[in-house]
Amino acid sequence: MQGLLDALEGKFIRPATGNDPLRNPDALPTGKNFYGFDPSRMPSQGIYAEGEKLAEELISNYLQKHNGQFPDKLAFNLWSVETLRHEGIMESQILNLLGVKPKYDGFGKVRGVELISREELGRPRVDVVVTPSGLYRDMFPQFMQLIDQAINLVYRSTEEDNSIRIHVDKAIQELKNEGLKDSNLIKRLAMVRLFSSESGSYGLGVDDAVQATDKWEGSKEIADVYFNRASHLYGQGFWGEGKQAIEGATGKDLAISLFKKALSGTKAVVHSRSTNVYGALDNDDLFQYLGGMTLAIKQIDGT
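As the structure is a prediction and not an experimental result, all values here were calculated from the model.

Draft legend 1. Focus on helix α8 (residues 163-177). Taking 1.5 Å per residue, 15 residues should reach 21 Å; α8 reaches 21 Å between its end C-alpha atoms and fits that length. Turning to α8, its buried residues are S163, I164, H167, V168, A171, I172 and L175. Along the axis of α8, the buried positions cluster into a sector of 165°, meaning they face one direction only. Seen from the buried face of α8, the exposed residues on the opposite side, beyond 90 degrees, are K170 and N177. Buried residues in α8 make contact with β3 (73-78), α4 (89-98), β6 (127-132), α7 (141-155), α9 (183-191) and α12 (254-263). Sitting at the amino-terminal end of α8 is N162, which places a side-chain oxygen 3.2 Å from the backbone nitrogen of I164. Residue G179 follows α8 closely and has a positive phi angle near 110°.

Draft legend 2. Looking closely at the nonpolar core. By size, the foremost hydrophobic cluster in this structure holds 73 residues, and its most contacted members are F76, L98, Y226 and L263. Residues within four places of L98 in sequence aside, it is in contact with R125, V126, V128, A150, I151, V154 and I164.

Draft legend 3. Here's a closer look at the layout of surface pockets. The space that makes up the largest pocket amounts to roughly 330 Å³. Taken together, 17 residues form the lining of the largest pocket, with T17, G18, N19, D20 and Y35 sitting closest to its centre. Elements that contribute at least two residues to the lining of the largest pocket include exactly β2 (33-35) and α3 (80-86). Of the residues belonging to the lining of the largest pocket, the class tally is 7 nonpolar, 7 polar and 3 charged.

Draft legend 4. Here's a closer look at the pattern of salt bridges. Tallying each qualifying case throughout the model produces 14 salt bridges. Residues E120 and K101 are paired through a salt bridge, measuring 4.0 Å at the closest nitrogen-oxygen approach. Linking E120 in helix α5 (residues 118-121) with K101 in strand β4 (residues 100-104), this pair joins segments that are 19 residues apart in sequence. When its relative accessible area of 26% is taken as the criterion, K101 is described as partly exposed. Salt-bridge contacts for D214 lead to K215; the nearest nitrogen and oxygen are separated by 4.0 Å. With relative accessibility at 63%, the residue D214 sits in the exposed group. In this structure K215 comes out as exposed when scored by relative accessible area, which is 63%.

Draft legend 5. Spatial organisation of the side chain of T275. Along the chain, the position of T275 falls in the loop between β10 (268-270) and α13 (284-301). A polar contact is formed between the side chain of T275 and the backbone nitrogen of V277, at a distance of 2.9 Å.

Parameters at a glance
Residues numbered from 1 in each chain as written. Predicted model: local features only at pLDDT ≥ 70, side-chain atom pairs only at ≥ 80, totals over all residues. Heavy atoms only, no water. Helix = DSSP H or I, 4+ residues; strand = E, 2+ residues; numbered from the N terminus. Expected span 1.5 Å × (residues − 1). Buried < 20%, exposed > 50% of the residue type's maximum accessible area, 1.4 Å probe, protein only. Arc of directions from axis to C-beta. Contact = heavy atoms within 4.5 Å. Polar contact = N/O pair within 3.5 Å; in protein donor to acceptor, adjacent residues only side chain to side chain. Core = buried A, V, L, I, M, F, W, Y, C linked by side-chain atoms within 4.5 Å. 1 Å grid on protein atoms, 1.4 Å probe; cavity = no way out; pocket = protein on both sides within 12 Å on 5 of 7 lines; lining within 4 Å. Points joined across faces, edges and corners; volume = space filled by probe spheres on them. Nonpolar A, V, L, I, M, F, W, Y, C, P; charged D, E, K, R; others polar. Salt bridge = Lys/Arg side-chain N within 4 Å of Asp/Glu carboxyl O.

What follows is the structure, encoded as structure tokens:
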């Protein structure tokens, strides 16, 4: 309260780090001028190493639970508030699953990504679909661009078990069969792996739809809300284009169709909760992002 009163009087507010108070007790007491970290240095080499461990742990756990079946496609939700807490561990996990690692300049800033060879990686690359929140899109656009850059790099890797290349080539053929003619556009569309709400909008509307129980009869209608709101394209030269900007040759909404193609075959959905302040059932955003994506995949694949 004293910090608020001092700020209103134009006084100096002492800066200090924020974050979860159990992870960082120095965040208390509040009333400070909070700061987090420099996003141009995200992820640091130490954070990337932790993300690499999480990637290998995720794959190992999946193999054990599913009788040795490899998770060739995974879907991730990214939230800015989570990234502010864990400083890019989820993003590091995504990069390592793809089989790439950050390149750093002499000042520790991230300057792109480089391919990890198939031999060094020791496993197939994992195709990754990412749905950033609207706030994440606005706070960390440079990392969305880094993931997009990683997808381009990985697609060019020619090993036979490259799931990104396999899935993109399949989508390219499907788009050709649907009547699209521009080969350059087809490839760009097929390679999009980042989907979110329209640029300038926030939330997916799933929370409101779920609570309006007099407006729907089954889960398909909730999934349709998710598809409509989360199907805007990011990466490959797109930034928030949806059904108004991209129309399929058959008259269908191509953006939603692309989103469904990208999500189809997903083996697991991943979302982080690195806070001690609230639980998984305390926040409607968890069920509209994690639950919405899970419901959408079930609507596509039946499981």
